[in-house]
Amino acid sequence: MLRHFLILTLALMAIGCGADPDKKNRPKTVKVTGVITLQKQPLDAATIVLIPASGSHGASGTSAKDGSFELKTFPPDSGAVPGSYKVMVQKIQSPTEPSKTSDDGELVPSSDVKWLIPMRYGDIETSKLTVIIPESGLSDLKLELVE
Amino acid sequence: MRFVRRSSHRQRGFTLIELLVVIAIIAVLIALLLPAVQQAREAARRSQCKNNLKQFGLALHNYHDAHKAFAPRQSGSGGSNTPGLGWARTAYAGHMYLLPYLENQGRFKDVMGRVPHPVPWDTVVFVGKSAPAVFDCPTDSGRTDPVAPTRTAGLNSYAYCAGDTIAYSKTQLVTGATAPLNTRPTRGMFGVLQCYGLTDCKDGSSNTIAMAERPRAETAPRGRGLVVPVASPIAPLACSALFNRSTQQYVINALPATDSAPGYRAYGGQSFFVAFSTVLPPNSASCLDASDFAGMSEHWAGALASAGSWHSGGIHALMSDGATRFINNSIDTGNLSAALPAINGSGRSPYGVWGALGTRNGREPVGEF
């Protein structure tokens, strides 16, 4: 009896005092995971963005070292809303080289931002990638980019 | 003198076990109490933080009484050690112009008395010196810039609202040109070389955010508070994907690489330092327009920065009527797959309640928040 009571108390503590009111109006999402490759090689740290053909809930994710990614519509919660999407992919490198000093004392990086994948994938109009997410979700979404 | 021994045989003391039990009980009690003490301390810091924001609200309204408009986010008179660098003439943050209204006339006169007016990264006047305590939210624990420790030029935690789209900082596209400066309007209450007043606030001053918190970075190169570049035009979802909201860390190396980080240059007026946009929810990613770098320091690039704080659950915001409100991290942000509105565009915000609160002239009905 005491044990059940303890478990119940702990469960209630874990849930907290009530659901977040802003989360109530959110649409249902399904789990979407996949792999992204460039020239058949896994692509890491790429940003994948899904813009819905209709509707108002896009999704996005970033790829890990092995090219795997998971899409999120309401980060940090996982999952995307079923529907059809246009996809864009971006991978940019920050200017990290040593800075030089301008004549009034500001530090100016000696390089600018660089694209690490073909730029056409970064724009929704030119990327030509599309995805349909079924009601059951996706676990093997493949995005294959070429140079 | 006579000693009387009442217990005849042996003196009654504590056994080792009893002593250990008592110590264990005390330890458990302290363990229960410590988090409560820490929470009480955070609550105190938090109310101090909110009070600072309120002081900004009063200062803005006193400024409005005197000038018939709020202070600009970024503007400046002299502001350059090198005459002819037009863009540097617009470097001061609104914080500079609010100094006299925050009981810091002395600092203001000291800066204005110098010819030319020092740049915000001036090593004599600002670097290594502290800014007024009212700029600093005590919950922000960072004390020195994690990227460029020797360039810490005044701690700051508060930023100006640039509406529901990107906020630009450059007023000239060519470095060193002497051409006339351009304003950078916004859909919010603060722009560059541009002052908006209560008459510009068509959505109603109690429905429009003026200022909010932005967190000071504590770690580099991936810590929260820093900024990452994103392809232009910035897609809000591309920006948000680069930040892990569970760990509160960027997934790629963030900027700046060498110069001052946000929160460590109190009088720098660039959007990188003192603006936020009501697009991505509080405590998410902050991004820079990758096409806006062009050989200048990172912090001159247009920024889509999120408001944020080190409090749990959300941020404090200052409404244009001077009220301070707590905004939850999970506030409705509408359609984040929508493209960013033009900086001088009119019309409703696509970004839900959060976007509506940021615009001064979106004509959105705003419900409870």
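What you see is a predicted model, and the numbers here were worked out from it, not measured in a lab. (Residues numbered from 1 in each chain as written. Chains lettered and ligands numbered in written order. Predicted model: local features only at pLDDT ≥ 70, side-chain atom pairs only at ≥ 80, totals over all residues. Heavy atoms only, no water.)

(A) View of the sheet that holds strand β6 (residues 83-90) of chain A. All names here are of chain A. Pairing is antiparallel across the open sheet formed by 4 strands, whose spatial order is β4-β3-β6-β11. Edge positions in the sheet fall to β4 (59-62) and β11 (129-133), since each of these pairs with one other strand and no more. Strand-to-strand twist across the sheet, computed as the mean angle between neighbouring axes with direction ignored, equals 25 degrees. (Pairing = 2+ DSSP bridges. Helix = DSSP H or I, 4+ residues; strand = E, 2+ residues; numbered from the N terminus. Axes fitted to C-alpha atoms, helices over the stretch in contact; angles between N-to-C directions.)

(B) Representation of the packing of aromatic side chains in the model. All names here are of chain B. Tallied over the entire structure, the rule returns 11 aromatic pairs over all chains. Aromatic side chains Tyr63 and Tyr101 sit 5.5 Å apart centroid to centroid with 70 degrees between the ring planes, which places their arrangement in the edge-to-face category. In this pair, Tyr63 sits in helix α1 (residues 16-67) while Tyr101 sits in the loop between α2 (94-98) and α3 (105-112), placing the two residues 38 residues apart along the sequence. Judged by relative accessible area, which is 26%, Tyr101 ranks as partly exposed. One aromatic cluster is present, formed by Phe56, Phe126, Phe135, Tyr158 and Tyr267 through successive ring pairs. The cationic tip of Arg216 hangs over the ring face of Tyr264; the distance from NZ or CZ to the ring centre is 5.8 Å. A cation over an aromatic ring shows up here: Arg360 above the ring of Tyr196, its NZ or CZ 3.7 Å from the ring centre. (Phe/Tyr/Trp six-rings, centres within 6.5 Å; stacked < 30°, edge-to-face > 60°. Buried < 20%, exposed > 50% of the residue type's maximum accessible area, 1.4 Å probe, protein only. Lys NZ or Arg CZ within 6 Å of the ring centre and 35° of its normal.)

(C) Focus on empty space enclosed by the protein. Throughout the structure, instances matching the rule amount to 3 cavities of 30 Å³ or more. Taken as a whole, the largest cavity encloses approximately 90 Å³ of empty space. Around the largest cavity sit 14 residues that line it, and B:Pro215, B:Gly225, B:Ser284, B:Ser286 and B:Ser306 are the ones nearest its centre. Partitioned by chemical class, the residues of the lining of the largest cavity number 5 nonpolar, 7 polar and 2 charged. In this structure, the second largest cavity spans a volume of roughly 60 Å³. Every residue lining the second largest cavity is listed: A:Ala45, A:Thr47, A:Gln90, A:Lys91, A:Ile92, B:Pro229, B:Val230, B:Ala231, B:Leu242 and B:Ile252. Tallied by class, residues from the lining of the second largest cavity come to 7 nonpolar, 2 polar and 1 charged. (1 Å grid on protein atoms, 1.4 Å probe; cavity = no way out; pocket = protein on both sides within 12 Å on 5 of 7 lines; lining within 4 Å. Points joined across faces, edges and corners; volume = space filled by probe spheres on them. Nonpolar A, V, L, I, M, F, W, Y, C, P; charged D, E, K, R; others polar.)

(D) View of the pairing of strand β3 (residues 158-161) of chain B. Residues and elements named next belong to chain B. The pairing of β3 with strand β4 (residues 209-213) spans 3 bridges and is classified as antiparallel. The residue bridging Tyr160 from the neighbouring strand is Met211, located in β4. The pairing of β3 with strand β8 (residues 275-276) spans 2 bridges and is classified as parallel. Bridging from a neighbouring strand, Tyr160 pairs with Ala275 of β8.

(E) Region of the structure containing the confidence of the model for chain A. Looking at chain A, the pLDDT average stands at 83 and 83% of residues meet or exceed 70. Predicted confidence for residues 8-17 of chain A stays below pLDDT 50, and this span has 0 contacts to residues more than four positions away or in other chains. (pLDDT = per-residue confidence, 0-100. Contact = heavy atoms within 4.5 Å.)

(F) Geometry of the nonpolar core. One finds B:Phe56, B:Leu98, B:Phe135 and B:Met211 to be the most contacted residues of the largest nonpolar core, which totals 48 residues. Secondary-structure elements contributing two or more residues to this core are α1, β2 (92-93), α2, β3, β4 and α5 (271-274) of chain B. For this core, the element with the most residues is α1(B), which contributes 6 residues. Membership of the second largest hydrophobic core comes to 33 residues, among which are A:Ile51, B:Cys239, B:Ala285 and B:Leu304. (Core = buried A, V, L, I, M, F, W, Y, C linked by side-chain atoms within 4.5 Å.)

(G) Here's a closer look at the interface of chain B and chain A. Contact residues are listed per partner, giving 44 residues for chain B and 37 residues for chain A. When chain B packs against chain A, the two sides together hide about 3,000 Å² of surface, and 56% of this comes from carbon and sulfur. Three residues, B:Leu237, B:Ser330 and B:Ser337, lead the burial of chain B against chain A; their summed loss comes to 16% of the area buried on that side. Seen at the junction of chain B and chain A, the total is 0 salt bridges. Applying the counting rule to chain B against chain A returns 4 residue pairs in polar contact (both at pLDDT 80 or more). Those elements giving two or more residues to the side of chain B that touches chain A turn out to be β5 (228-230) and α4 (236-241) of chain B. Looking at the side of chain B that touches chain A, the element that brings in the most residues is α4(B), giving 4 residues. Tallied by class, residues from the side of chain B that touches chain A come to 23 nonpolar, 15 polar and 6 charged. (Buried area = accessible area lost by both parts, 1.4 Å probe. Salt bridge = Lys/Arg side-chain N within 4 Å of Asp/Glu carboxyl O. Polar contact = N/O pair within 3.5 Å; in protein donor to acceptor, adjacent residues only side chain to side chain.)

(H) View of the sheet that holds strand β9 (residues 287-289) of chain B. All names here are of chain B. Judged by pairing direction, the sheet is mixed, and its 3 strands sit side by side in the order β5-β9-β10 without closing on themselves. Every other strand in the sheet has two partners, leaving β5 and β10 (303-304) as the edge strands with one partner each. Sheet topology note: the β5/β9 ladder contains 3 bridges and is parallel. When the sheet's bridge partners are listed, Val228 is paired in β9 with Cys287.

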